[in-house]
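# Notes for the structure review
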Amino acid sequence: MSRTGGLLPAHDGGGAEPASLDLDGLRRRLERERAGGYWRSLEELARTPEFEAMLRRDENAVAREGFDRRDLLKLMGVSLALGGLTACTRQPTEKIVPYVRQPEEIVPGGRPLFFATAMTVSGLATGLLVESHSGRPTKVEGNPLHPASLGATDLFSQASLYTLYDPDRSQTLEYLDEIRGWAAFLAAARVAADQERSNGGAGLRILTETVSSPTLASQLESLLAAFPGARWIQWEPAGRDNVREGARLAFGQDAEIVADLRDADVILSLGADFLSCGPAHLPMTRQFARRRRPEGGPMNRLYVVETASTVTGANADHRLPVSAGALEGVAREIAAAVGVEVGAGSAGSRSASATPAGAFVAALAADLKGRAGRSAVLVGPEQPPAVHALGHAINAALGNFGRTLRAIDPVEALPSSQLGALAELCAQMDAGRVSTILILGGNPVFTAPADLEFGKALAKVKSRIHLSLYKDETSAACQWHVPETHFLEAWSDARAFDGTASIVQPLIAPLYDGRSVHEVVAALSGLPESSGYEIVRRYWRDRMSGDFEVAWRSALHDGLIPGTASPEKRISVSAGAVPPPSPRPAAAEGLELVFRTDAKVYDGRFGDNGWLQELPDPITRLTWDNAALFSLEAARRLGIEKQDVVALSFGGRSLEAAAWVEPGLPENTVVLSLGYGRTRAGRVAKGSGFDAYRLRRSDALWSGGGLEVHRTGRSYPLACTQMHQNMEGRDIVRATNLADFEKDPSGGKKEEPGPGLSLYPPRPSDTYAWGMAIDLSACVGCNACVLACQSENNIPVVGKDQVRRGREMHWIRIDHYYGGAPANPRHFFQPVPCMHCEDAPCELVCPVGATVHSAEGLNDMVYNRCVGTRYCSDNCPYKVRRFNFYHYGTQFRAPSMKMLANPDVTVRWRGVMEKCTYCVQRINGAKIDSELDDRKVRDGEITPACAQACPAEAIVFGDLADKGSRVARLRENPRDYSLLAELGTRPRTTYLGSVRNPNPSLAQPVSTAFPHTQLDTETGQK
């Protein structure tokens, strides 16, 4: 149904974009005329024959086959009959077992309870509130009291429940692949400890991930005191060695910089993706987004200089794509332009106007100097120490420290060079100097740099113990494998990015025979039988002020321990802090290989999570795989098309990977994301993607030159959702710049059709009228709402093959649009749930009345009535309905996965339609509470899952009948518009158009009409 915005049908290659693309022809066309408007893919921009055929195939498939009207009616009748027969499946029998002894705090049919806890990623904690139904966790929300969440959540915390109940988690303690008991492990640990004690622990090594847990750090320090010859090493593949070394260069001491963007008028990101990853990305996203609404005061302005396309770059007012090797030079030019002494003879000592990116640098420097003390320069952890030192020097020259930035002591318990310590460990293991190694978490056999050959060196250690959630590559290389408890099953503690400590309390007993890291470390100490609860309480007993029991319970209730945040420390930039320019190796003249953590599986630790694997990448929209990302120019020069398998040679090692052409990448850059290509993992991770760690070297952790690329002549199917819904040139995403918006806030906004003569019955006006507004200026496209909706509403995982057929089941999707030239396009994100139309086209065509309109304006789905004709989907212009082609709900059949389901939401079966319901279960819960209090639901009392997770607060829900509600006030905003309003569906979900704040000296807007404004694009190519 392409004329009404239909879903593109399955075709050869499934849901992926057509692989064939005339890159030379596209280049010639772009040279003749500037690309205008918005577009979803390079194929759409080039109007390739495959793309046109894909659209035609969707227009009127039945009529093109020669069917006349009589045959069409016959076919419809048969389809209805068969649909009624095949879709009326019987729900499986469910056994209800009552409690033998009713728990005191549980009321049958009552509201769920929430408990505060914290989740750590790379050692740093995010405070959470976890919903518990009858003693099992079912939903994760942010803790509004915790500085690292402020009530929001990210992908990893939302998806943590899937990992908790994953049946592929390690379930047994094993020695040489034979099941053993905990007592056997304790005996073996005692023997190993006695042997190591005889030589002072000279052969004992402890390898952990980054640790911020005060209790664990205290345990390990006590263990090292008992074994003075032992060593503790930390390793994170996405470590912060560059951050620490950059601080030492700039300040002459260890320091961690914490940003507060509330008062930052100008923000410069030097490769820092602070809107989608990092220890403080949730509060920074909220602070950034609150300054992106033109009605809320002065808008901030974001400049991004980056190599790979990121969520932060996609939200920039000005983005400059540069190669990884050239980014330091650009940073020096910026530093010199704001008055930093960068050294004679360096690139930054020349006039900025003498460089190809001179206009960008000059305008940026003037903007920064004009906002001295109200600006912030952020540097990504992947950047070399020199760039971090330059960033600190720029901030110091602008007077930002003490205002938008402050320094604290490092939060990590062991702030040393992780790479150097790991390399030393490998050398010692290879030399036979290590007799016992205890690996607590992580997967170093998979994630260590390839040139260190960690697995080969590990095999020479006599006694090897590994604690992990999954039996992975490192577990296979060790004799002892101890299953680790999930953070929702174990007691612990951890610190946030600012030092705030939280108690990690479990919500459920260990599902399998797992042990916490505290219990494993205790096995080598004098208290081998201590529980995690006892160990954590023992540490904090003498460290909490006042009555311990009161303080302990308060910490558990609030989710943090007051007074534990790190105090600000005084720093100053040292003389000569900026090092001389790094010499660029000769190999950098060719293609450059860039490594980045993946937006979904991070460094690979979440590779077994089906929710995250199926989530589309925020930029490429790829699912279930990574790919070697090529720029348009590099692909043209090498003759590479999408889904080609290419051989990558780098540093004497090779890897075959599927190629993908991505707009906005630097000309000679190939980007690979880490964490895929697992060989020992659960069923979800196995066979997914390509192992970029095989090419990663210790001297090129994040980038390096000299990459060689060769075509293999083969192809590899990739699942991409970018073209599953196509706007086909219609007025869907709307954007303008701030200057034009201030001249005319209405922006030439078209009058939307109101209610008129209609076949629809009149709606009651004396009750609630639920509606939603989504602010495209605030939305950063982080995907948190998609995962929150999936977790709340029992949305199944369908797998790569079904995604390629266009059958993904997400109830809310993030449509991604490009604007401008492909060399450096603008990006726009648009969350699309069900519109809950006042005059819903889906309702009139349902033959069994399964989709109906409620008195409160909700477009309801009655699953028991649905017979699967899919007429409603055909008639929906927004394509927000999902059909269960198979028993996708089989993910809930495993005994442990049954506990994942939210009991307030039905688990759908094969043959029915499903879609967004505005979280009607939450609406009804709030209505029940208000009726008990004899009042109406208050504004803000109901928050759907998508809005509650959103760190940018871009989604607002409420009662439109209450004219004082926030959602009703947003309807009066001149930026408000309805999607495809010309169809007369009168959707209850509306949007506020995106407003960017470009620098007037750089921006050249194409037009001033709000609905059709295309923002300027500066290529920034060198």
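Residues numbered from 1 in each chain as written. Predicted model: local features only at pLDDT ≥ 70, side-chain atom pairs only at ≥ 80, totals over all residues. Heavy atoms only, no water.

## Section: the overall build of the chain
How we decide: Helix and strand labels come from DSSP, where a helix needs a run of H or I of at least four residues and a strand needs a run of E of at least two; each type is numbered from the N terminus. Using a 1.4 Å probe on the protein chains alone, a residue whose accessible area is under 20% of its type maximum counts as buried, one over 50% counts as exposed, and one in between counts as partly exposed. Whether two residues touch is decided by their heavy atoms; if any such pair falls within 4.5 Å, the residues are in contact.
Helix and strand counts for the chain come out as 31 helices and 39 strands. Across the 1022 residues of the chain, 61% fall into the buried class. Taking the intrachain contacts of the chain between residues at least 6 apart in sequence as the baseline, contacts between residues at least 24 apart amount to 75%.

## What to know about unusual backbone geometry
In this structure, Trp624 takes a positive phi of about 65° despite not being glycine. Among the secondary structure elements, Trp624 is positioned in the loop between strand 21 (622–623) and strand 22 (628–630). One non-glycine residue with positive phi stands out, namely Arg870, at about 65°. We classify Arg870 as partly exposed; its relative accessible area is 35%.

## Some thoughts on the sheet that holds strand 6 (residues 178–179)
The cut-off we apply is this: Two strands qualify as a pair provided that DSSP identifies no fewer than 2 bridges between them.
Taken in spatial order, the 7 strands line up as 6-5-17-16-15-7-8 in an open sheet, and their pairing is mixed. This sheet does not close on itself; its edge strands, each paired only once, are strand 6 and strand 8 (231–234). As paired elements, strand 5 (residues 174–175) and strand 17 (residues 480–483) share 2 bridges and run antiparallel to each other. Paired with Glu174 across the bridge in strand 17 is His481.

## Some details on the packing of aromatic side chains
Selection criterion: Pairs were defined over the aromatic rings of Phe, Tyr and Trp, the Trp ring being its six-membered one, requiring ring centres within 6.5 Å. Orientation was assigned from the angle between planes: stacked under 30 degrees, edge-to-face over 60, tilted for the rest.
Applying the stated criterion to the full structure yields 22 aromatic pairs. Relative to Trp611, the ring of Tyr162 lies with its centre 5.6 Å away and its plane at 55°, an arrangement referred to as tilted. Of the two residues, Tyr162 sits in helix 6 (residues 155–165) while Trp611 sits in helix 22 (residues 610–614), which places them 449 residues apart along the sequence. Residues Tyr918 and Phe957 carry aromatic rings whose centres are separated by 5.2 Å and whose planes lie at 70° to one another, so their mutual orientation is edge-to-face. Of the two residues, Tyr918 is situated in the loop between strand 35 (913–914) and helix 29 (920–932) and Phe957 in strand 36 (residues 955–959); the sequence distance between them amounts to 39 residues.

## Looking at helix 8 (residues 214–226)
What counts is decided by this rule: The span expected for a helix works out to 1.5 Å for each residue beyond the first.
When the terminal C-alpha atoms of helix 8 are compared, their 19 Å separation across 13 residues agrees well with the 18 Å that a helix rising 1.5 Å per residue should span. Structurally, helix 8 contributes buried residues whose contacts are with strand 7 (204–208), strand 8, strand 18 (492–495), helix 19 (517–523) and helix 20 (532–540).

## Examining the confidence of the model for the chain
Cut-off, in case you're wondering: Per-residue confidence from the prediction method is given by pLDDT, with values spanning 0 to 100.
The predicted model of the chain averages 84 in pLDDT, with 83% of residues at 70 or higher. In the model of the chain, helix 4 (residues 61–64) stands out as the element of lowest mean pLDDT, 36, in contrast to strand 10 (residues 266–270), which has the highest, 96. Low pLDDT (under 50) marks residues 345–354, which in the prediction has 14 contacts with non-local residues, meaning those over four places away or in another chain. Below pLDDT 50 for its whole length, residues 1004–1022 participates in 75 contacts with residues either more than four positions away or in separate chains.

## Some remarks on the pairing of strand 10
The buried fraction of strand 10 is high, at 5 of 5 residues. Every second residue of strand 10 is oriented toward a common face, with Val266, Leu268 and Leu270 on one face and Ile267 and Ser269 on the other, all of them buried. Sheet topology note: the strand 10/strand 13 (residues 375–379) ladder contains 5 bridges and is parallel. Opposite Ile267, over in strand 13, you have Ala376 as the bridge partner. Pairing analysis gives 5 bridges linking strand 10 to strand 11 (residues 301–306), with the strands arranged parallel. Considered in strand 11, the bridge of Ser269 is made with Val304.

## Thoughts on the packing of helix 8 against helix 20
Formally: For helices, the axis comes from a line fit to the C-alpha atoms of the stretch in contact; other axes are also lines fit to C-alpha atoms, and the angle between any two N-to-C directions lies between 0 and 180 degrees. Any angle that is under 35 degrees is reported as roughly parallel, and any over 145 degrees as roughly antiparallel; angles of 65 to 115 degrees are reported as roughly perpendicular and all others as oblique. Note on residue categories: nonpolar means Ala, Val, Leu, Ile, Met, Phe, Trp, Tyr, Cys or Pro, charged means Asp, Glu, Lys or Arg, and polar means any other residue, Gly included.
Where helix 8 contacts helix 20, the axes come no closer than 9 Å and their chain directions differ by 90°. The angle between helix 8 and helix 20 falls in the class roughly perpendicular. Residues Pro214, Thr215, Ser218 and Gln219 of helix 8 lie in contact with helix 20, whose contacting residues are Ile535, Val536, Tyr539 and Trp540. Taken together, the residues of the contact of helix 8 with helix 20 sort by class into 5 nonpolar, 3 polar and no charged.

## Comments concerning the packing of helix 9 (residues 241–251) against helix 14 (residues 385–398)
Helix packing geometry: the angle between the two helix axes and the distance between the axes. Defined as follows: Helix crossings get a hand from a simple test, with the near helix turned counterclockwise from the far one by less than a right angle marking a left-handed crossing and a clockwise turn marking a right-handed one.
Remark: helix 9 packs on helix 14, axes separated minimally by 7 Å, with the N-to-C direction vectors making an angle of 50°. Looking at the two axes, helix 9 sits oblique to helix 14. At the point where helix 9 passes helix 14, the crossing takes the right-handed sense. Residue-level contacts link Asn242, Val243, Glu245, Gly246, Ala247, Leu249, Ala250 and Phe251 of helix 9 to Pro385, Ala386, His388, Ala389 and His392 of helix 14.

## Thoughts on the side chain of Asn997
Topologically, Asn997 is positioned in the segment after strand 39 (994–996). Exposure remark for Asn997: the relative accessible area of 7% places this residue in the buried category. Once you skip the residues sitting within four places of it in the chain, Asn997 turns out to touch Arg292, Met299, Asn300, Arg301, Asp317 and Leu738.

## A short note on the sheet that holds strand 2 (residues 113–121)
Reading across from one edge, 2-3-4 is the order of the 3 strands in this open sheet, with antiparallel pairing throughout. In the strand order of this sheet, the two ends are held by strand 2 and strand 4 (136–142), each with one partner. The sheet shows a mean angle of 40° between the axes of neighbouring strands, direction not considered. Packed on one face of the sheet, helix 6 meets strand 2, strand 3 (124–133) and strand 4 and runs near 165° to strand 4.

## Looking at the pattern of salt bridges
Under the convention used in this document: Every case where a carboxyl oxygen of Asp or Glu lies within 4 Å of a side-chain nitrogen of Lys or Arg is listed as a salt bridge.
According to the stated counting rule, one finds 48 salt bridges in the structure shown. In this structure, Arg180 and Glu178 form a salt bridge, with 3.5 Å as the shortest nitrogen-oxygen distance. What makes Arg180 partly exposed here is its relative accessible area of 31%. Judged by relative accessible area, Glu178 falls into the partly exposed class, the value being 47%.

## As for the nonpolar core
Put simply, the rule is: The nonpolar core is taken to be a set of buried Ala, Val, Leu, Ile, Met, Phe, Trp, Tyr and Cys residues, with the residues joined through side-chain atoms within 4.5 Å.
Ranked by internal contacts, the top residues of the largest apolar core, which has 156 residues, are Met429, Phe454, Phe630 and Leu648. With 7 residues, helix 6 is the single largest residue contributor to this core. Apart from the residues lying within four places of it in its own chain, the contact partners of Met429 are Val434, Ile437, Phe454, Ala457, Leu458, Lys460 and Val461. Membership of the second largest hydrophobic core comes to 31 residues, among which are Ala331, Ala357, Ala363 and Leu1002.

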